[in-house]
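# Chain and residue survey
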Amino acid sequence: MGRVLAALTATGALIATTLLGTVPALGAQSALGTGPAPTPDPGTRLYVVVLANAPAATYDGGIPGFAATAPQAGHRFDADRPAVGRYRAHLRSQQQELLDLLGHPALLYSYTTALNGFAARLSPRQVDTLQRLPGVLEVAPSRLLALDDFHRGRTASVPRVPTPEAAQPSVHRARKPRPSVVVGVIDSGVWPENPSFAGLPIDRTWLSHNVPGFTGTCEPGTAWTATDCNTKVIAARYFVRAFGAENLASSDYLSARDGTGHGSMTAAIAAGERGVDVHIAGQDFGLTSGTDPTAKLSIYKACWTAPNPSGDGCQTADVLKAIDRAVSDGVQVISYSIGGSRTSTTSPIGIAFLNAAAAGVFVSAAAGNGGPGAGTVTHPAPWLATVGASDPGWHRGSVRLGDGRTYDGAMLWDRPVGPARLVLAGDAAAPGVDQAQASLCYPGSLAADRVEGAIVVCERGVIARVSKSAAVSRAGGRAMVLVNMRPGALAADAHAVPTVHVGVAAGRAIRQYVRSAGPSARASLAPEPASRGATPRLARFSGRGPARAADADLLKPDLVAPGVNVIAAGSPPADGGQLWTPDSGTSMAAPFAAGVAAVVMARHPTWTPAMVKSALMTTALPLLGRAGPLLAGAGEVDPRAAVDPGLVYNATLADWFGFLHGQGFASTSGRSLAQQTITASNLNLPSISVGDLLGTRSITRTVTNVSGHTERYVARLRGLRGIARTIVPDSLTLSPGESATYRVDFSATRHARYGTFAVGSLTWTGSRGHLVTSPVAVRPELVEVPDELRGRGSGGTLLLNATAGVTGTIRPRVLGLAGSRSVNLHLGAGPFDRGRPQPGTSTALRALHVPRGTAIARFATEAASAGDGFELFVYRGRTLVARSTAPSAREVVVLHSPRAGEYRVFVHRSGQPGSRPASVAYTAWLLSRADRGNLRLQPVQVTGGQPFLLRARWHGLDPALKWFGVIRYPGSPYHTDVIID
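No experiment lies behind these values; they were computed from the predicted model shown.

Helices and strands together make up the secondary structure of the protein, namely 16 helices and 51 strands. Considering the protein as a whole, with its 981 residues, one finds that 60% of them fall into the buried category. Considering only intrachain contacts with a sequence separation of at least 6, the fraction spanning at least 24 residues in the protein is 75%. Within the structure as shown, the protein displays about 36,900 Å² of accessible surface, and the carbon and sulfur contribution to it stands at 50%.

Take a look at the structure:
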């Protein structure tokens with residue numbers, strides 16, 4: 001990763017001319033990824049290759065003969081400028097040189113706008129060659145990414161949130177006409193006949209006159225012509241070369257037409273037409289509008305449906321081309337509801353979004369649906385707005401049992417049902433049908449004579465939720481109660497019969513009542529009236545912090561938006577013939593924030609994406625309950641307040657370079673990427689996070705007055721239990737356009753909880769009524785220690801360099817050393833089935849018994865060659881309990897206090913079948929809670945905030961074994977692994 005930063009340098013031809021020489025610009029693009037996708041060669045795999053020169057979106061000059069191509073502040077990227085064409089040809093010529101050097105591998109895409117690089121099918125030998133070249137920054141496999149919703153039918157689903165006209169922000173009803181902002185939606189396409197996308201016909205003349213600087217086009221395809229674009233959907237493209245047109249399900253379309261409904265939803269939420277009448281199955285849901293109905297939509301379909309649902313998704317290479325094209329077309333906002341990394345800020349997609357943001361494009365990315373676990377937030381890069389999901393409490397209902405008890409859940413229907421007979425589906429199995437299938441309400445599994453006129457209790461799982469209500473309806477049932485069998489979100493789906501979806505505890509109580517009441521069991525279902533004034537809660541599934549990137553010095557998610565039971569446009573073939581459908585997920589939240597960003601950008605066209613993000617965050621509303629900064633960031637976005645934030649925090653490309661340099665990434669050009677290093681905590685963000693407070697830490701921020709009046713602000717910090725803090729200065733008076741810098745000093749008190757985040761907020765209260773609030777999270781640490789120490793020999797000493805967070809005595813405790821013999825494995829490449837793992841030519845199996853009292857089980861692989869990638873999968877019985885799947889040359893899985901039992905460890909080599917065999921050393925260790933071994937350390941006196949040394953000594957080790965031990969620090973959740981070869 002240390003080479004990645006060079007991809008971001010704005011100037012300089014970093015590809016060594018001695019290696020690549022100079023070639024003329026390519027006159028035709030056929031050699032660089034246009035036309036039909038090439039047929040895959042056996043033994044190759046699709047990779048994304050990132051090169052060193054800045055792409056056109058951020059190139060600001062410096063190469064002789066090539067003028068700057070980056071857009072000026074407040075302007076779109078202009079792909080029609082002659083300078084852009086010349087510079088792109090320069091980048092493509094360098095790409096072609098690499099392809100020639102590699103022997104002309106099968107090329108899928110060339111990237112020149114938001115990324116400089118290409119996607120090609122490469123052999124392991126070609127990958128190894130590329131990784132050794134000085135101008136190649138990263139060679140990453142293209143991966144299948146998932147959409148961030150709980151989509152009905154294809155997976156265990158969840159619903160989405162309504163957007164009635166009355167709930168829409170009034171800010172888009174400006175007195176003066178304002179320029180249209182173009183929102184680029186990278187997703188599964190759009191269903192153009194939906195009224196949310198209605199508009200008048202357009203042509204290129206209309207587009208250049210009404211949306212100057214936008215160069216997008218309407219690409220024809222299956223069931224899609226140029227006439228499907230209009231004054232709302234002004235452009236549409238699709239990207240399928242990496243996914244493979246031959247891999248599409250028959251229900252999908254080889255065009256920008258949406259086969260799943262997901263893309264239509266996200267597009268409608270962001271910028272659907274105003275005042276559209278919504279009906280689902282004959283039920284009137286009133287009027288709906290997009291968050292910014294005045295914005296235009298440009299559609300980029302990069303997500304596809306496969307015959308098998310496990311194959312659905314979006315290939316990285318296709319997504320990158322969509323981003324590249326969106327920035328080239330001149331969009332100002334990107335809505336991105338696709339899964340991403342929890343740890344990396346510099347993946348190829350992360351770099352592409354960095355360049356997009358630097359070119360003035362605001363990116364709203366879904367925070368993922370990995371909650372409620374900690375550290376599950378995705379897209380941690382600071383140049384993105386990472387958006388979690390709130391639950392506004394829309395579409396609720398209740399189940400009232402015959403004994404008077406009432407249980408709440410999700411309900412889309414607006415009509416009450418009952419009282420009526422209440423039966424368990426498993427007790428109403430049709431003749432010859434297994435009771436388990438009937439409990440799940442499989443189609444045809446219910447006996448009509450037992451279900452007729454009754455409310456049926458169905459268990460969630462295995463098949464689509466709406467298929468269960470269809471089975472109830474077909475058998476004559478009057479309504480359904482859908483019960484979760486394990487924790488999960490509640491979905492207000494468009495069911496065939498009135499349905500209330502309840503959680504685990506409610507479901508258990510309802511089933512117990514039916515069993516005890518028998519034939520006399522009764523229930524009634526009732527919708528709850530919408531409560532628009534209620535404070536929203538955090539959605540259970542929403543990905544939450546602390547961020548795993550930058551040592552948690554970045555606070556993610558940034559904010560949240562409605563993401564539960566949202567009703568918006570769908571795709572009739574995927575949604576039972578309906579134009580509208582409910583769904584849930586951070587997929588629904590990201591386009592809401594994108595729409596608000598479009599409103600703000602239209603009002604303030606010269607603002608940078610960082611300023612827009614600041615406006616959304618500092619004016620956000622708190623959530624109900626304990627959803628603090630680590631869970632919900634700044635809170636729920638408030639469209640009305642965001643257009644007038646008072647103060648903003650700005651950041652530029654130079655700041656991002658400084659941050660990346662501070663993360664230890666070095667330029668391959670031999671020069672720094674920034675004038676100064678900026679720690680993650682000191683990035684000028686509208687949030688503050690200190691992941692490791694040791695002694696006293698000073699954080700600086702700069703604010704700018706973007707109002708039209710001079711205003712005096714006074715600061716106040718709330719929360720942060722156990723943390724002393726000082727703000728200098730604590731008051732500011734700023735005239736319009738004026739900026740000022742302030743400092744916050746943090747230190748731990750005796751009441752601090754080490755290893756645990758203290759959370760709070762910092763608010764600047766203005767004399768003219770502005771409230772500028774930043775979420776704050778600070779984690780005091782007892783010590784800062786290395787994750788791992790490695791030594792050699794039967795005896796010796798290791799020096800452990802650490803930093804203290806307190807003044808006093810540190811008394812480390814030691815577990816181990818324990819010895820184990822490594823096993824050398826030789827594996828080819830091939831697929832791995834996680835559901836039915838089997839040893840084979842690409843997979844080795846190692847069995848292991850873990851006894852009671854085991855404190856730590858550690859499994860590790862080290863490849864003989866750094867270019868070979870391996871994966872580790874650890875099963876207890878048939879259950880996958882842990883995995884490490886980078887893939888990389890070194891993989892580690894550690895289980896703390898593992899359950900006793902028989903374990904199976906699979907070492908797998910990823911890649912295309914037919915690759916040359918590769919060697920890897922596998923080692924497993926078990927440490928008992930009573931194992932003290934012969935690793936010795938002494939207590940040491942420390943001073944808070946100061947470094948100190950620990951000496952770890954060992955002797956008498958068998959050199960034929962590899963040894964493992966752990967150093968623990970009482971009072972701290974962290975430890976240091978010790979490996980002795």
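The full count for this structure, using the stated rule, is 13 aromatic pairs. With a centroid separation of 4.0 Å and an interplanar angle of 5 degrees, the aromatic rings of tyrosine 59 and tyrosine 87 are classed as stacked. Of this pair, tyrosine 59 sits in the loop between β1 (45-51) and α2 (82-102) while tyrosine 87 sits in helix α2, and the two are 28 residues apart along the sequence. Neither tyrosine 59 nor tyrosine 87 differs from the other in exposure class; each is buried. Ring pairs connect the aromatic residues Phe832, Phe873, Tyr875 and Phe906, which therefore count as one cluster. A cation over an aromatic ring shows up here: arginine 241 above the ring of tyrosine 109, its NZ or CZ 5.7 Å from the ring centre. Above the ring of tyrosine 875, the side-chain terminus of arginine 904 is found at 5.5 Å from the ring centroid.

The buried count for strand β19 (residues 479-483) comes to five of five residues, which makes it a mostly enclosed element. Residues of β19 alternate between two faces, with Ala479, Val481 and Val483 on one and Met480 and Leu482 on the opposite face, all of them buried. Two strands pair when backbone bridges link them, and strand β18 (residues 455-459) and β19 are joined in this way by five bridges, in the parallel orientation. Looking at β19, one finds that valine 456 is bridged to methionine 480. Handedness of the crossover is the feature at issue here: the chain leaves β18, passes through helix α10 (residues 465-474), returns alongside β19, and the resulting connection is right-handed. Two strands pair when backbone bridges link them, and β19 and strand β20 (residues 499-502) are joined in this way by four bridges, in the parallel orientation. Within β20, the residue paired with methionine 480 across the bridge is threonine 499.

On the basis of which strands lie adjacent, the open sheet formed by four strands has the order β2-β3-β1-β4 and antiparallel pairing. The sheet is open, and its two borders are formed by β2 (106-111) and β4 (136-141), each paired with just one other strand. Each strand of the sheet is rotated relative to its neighbour by a mean of 20 degrees, with strand direction disregarded. Inspection of the sheet shows β1 paired to strand β3 (residues 117-122) by six bridges, in the antiparallel sense. Following the sheet pairing, valine 48 is matched in β3 by alanine 119. Strand contacts of helix α3 (residues 124-131): β1, β3 and β4, with the helix running at about 145 degrees to β3, the strand carrying the most contacts. Contacting β1, β2 and β3, helix α6 (residues 316-329) runs over the sheet at an angle of about 30 degrees to β2.

Glancing now at unusual backbone geometry. Here the bond from glycine 545 into proline 546 is cis, since omega is 5 degrees, no more than 30 degrees from zero. The omega torsion of the bond from lysine 556 to proline 557 falls at 0 degrees, within 30 degrees of zero and hence cis. Within the secondary structure, proline 557 is located in the loop between β22 (537-538) and β23 (559-562). Even without being a glycine, alanine 550 presents a positive backbone phi close to 55 degrees. Following the sequence through the fold, alanine 550 ends up in the loop between β22 and β23. Under the relative-accessibility criterion, alanine 550 is labelled buried at 12%.

Taken together, the four strands give an open sheet; going across it, the order is β36-β51-β50-β39, and neighbouring strands pair in mixed fashion. Edge positions in the open sheet fall to β36 (788-791) and β39 (813-820), since each of these has one partner strand only. Geometrically, the sheet is characterised by an average inter-axis angle of 15 degrees between neighbouring strands, direction not taken into account. Here strand β50 (residues 962-968) pairs with strand β51 (residues 975-980) via six bridges, running antiparallel.

Taken as a whole and judged by the stated rule, the model has three disulfides. At a sulfur-sulfur separation of 2.1 Å, the disulfide partner of cysteine 303 is cysteine 314. Negative torsions about the S-S bond denote left-handed disulfides, and the value of about 105 degrees found for cysteine 303 with cysteine 314 makes this one right-handed. On the criterion of sequence distance, the pair formed by cysteine 303 in the loop between β10 (296-301) and β11 (314-315) and cysteine 314 in strand β11 is long-range, its members being eleven residues apart. Between the sulfur atoms of cysteine 441 and its disulfide partner cysteine 458 the distance amounts to 1.9 Å. Taking the torsion about the S-S bond as the criterion, the cysteine 441 to cysteine 458 disulfide, at about -80 degrees, is left-handed.

Here we come to helix α13 (residues 609-618). When you tally the buried positions in α13, you get ten out of ten residues, the bulk of the element. Within the span of α13, buried status applies to Pro609, Ala610, Met611, Val612, Lys613, Ser614, Ala615, Leu616, Met617 and Thr618.

Take the pattern of salt bridges next. Scanning the entire structure with this criterion turns up 25 salt bridges. Arginine 916 is the partner of aspartate 868 in a salt bridge, and the nearest nitrogen-oxygen pair spans 3.3 Å. A residue pair is termed long-range when its members are at least 10 positions apart, and aspartate 868 in the loop between β42 (854-863) and β43 (870-876) and arginine 916 in the loop between β46 (901-909) and β47 (918-928) qualify at 48 residues. The partly exposed category is assigned to arginine 916, whose relative accessible area is 41%. Because the salt bridges share partners, they merge into one network encompassing Glu788, Arg790, Arg792, Arg858, Glu862, Arg890, Lys962, Asp977 and Asp981.

To continue, consider the side chain of arginine 257. With respect to the helices and strands, arginine 257 occurs in the loop between β7 (233-238) and α5 (262-271). Arginine 257 has contacts with Ser188, Val190, Trp191, Pro192, Glu193, Thr222, Ala223, Trp224, Asp228, Asp252 and Lys301, leaving out every residue within four places of it along the chain.

Relative to the assigned elements, glycine 563 resides in the loop between β23 and β24 (566-569). For the pair glycine 563 and valine 456, spaced 107 residues apart in the sequence, the C-alpha separation amounts to 28 Å.

This part covers the nonpolar core. Judged by nonpolar contacts, the single largest core of 73 residues is most densely connected at Ile186, Phe214, Ile323, Ile334, Tyr336, Phe353 and Trp383. Among all residues touching isoleucine 323, those that are not within four sequence positions of it are Ala114, Ile186, Ile349, Ala352 and Phe353. With 68 residues, the next largest nonpolar core counts Val233, Val278, Ala492 and Val596 among its residues.

Turning our eyes to something else, we now look at the environment of glycine 426. Within the secondary structure, glycine 426 sits in the loop between β17 (417-424) and α8 (435-439). For glycine 426, a relative accessible area of 11% puts it in the buried group. Distance from glycine 426 to alanine 438, taken between C-alpha atoms, is 4.9 Å for residues twelve residues apart in sequence. What glycine 426 contacts, discounting residues up to four positions off in sequence, is Gln435, Ala438 and Ser439.

With that settled, the discussion passes to the packing of α6 against helix α7 (residues 348-358). At their nearest, the axes of α6 and α7 sit 10 Å apart, and the two run at 5 degrees to each other. As far as their axial angle goes, α7 and α6 are roughly parallel. Residues Thr316, Val319, Leu320, Ile323 and Val327 of α6 form the contact with α7, whose participating residues are Pro348, Ile349, Ala352, Phe353 and Ala356. For the contact of α6 with α7, the class distribution of residues is nine nonpolar, one polar and no charged.

Cut-offs used in this document
Residues numbered from 1 in each chain as written. Predicted model: local features only at pLDDT ≥ 70, side-chain atom pairs only at ≥ 80, totals over all residues. Heavy atoms only, no water. Helix = DSSP H or I, 4+ residues; strand = E, 2+ residues; numbered from the N terminus. Buried < 20%, exposed > 50% of the residue type's maximum accessible area, 1.4 Å probe, protein only. Contact = heavy atoms within 4.5 Å. Areas by Shrake-Rupley, 256 points an atom, 1.4 Å probe, with all protein chains shown as cover. Phe/Tyr/Trp six-rings, centres within 6.5 Å; stacked < 30°, edge-to-face > 60°. Lys NZ or Arg CZ within 6 Å of the ring centre and 35° of its normal. Pairing = 2+ DSSP bridges. Right-handed = clockwise from strand over helix to strand, strands pointing away. Axes fitted to C-alpha atoms, helices over the stretch in contact; angles between N-to-C directions. Disulfide = S-S within 2.5 Å. Salt bridge = Lys/Arg side-chain N within 4 Å of Asp/Glu carboxyl O. Core = buried A, V, L, I, M, F, W, Y, C linked by side-chain atoms within 4.5 Å. Parallel < 35°, antiparallel > 145°, perpendicular 65-115°, else oblique. Nonpolar A, V, L, I, M, F, W, Y, C, P; charged D, E, K, R; others polar.

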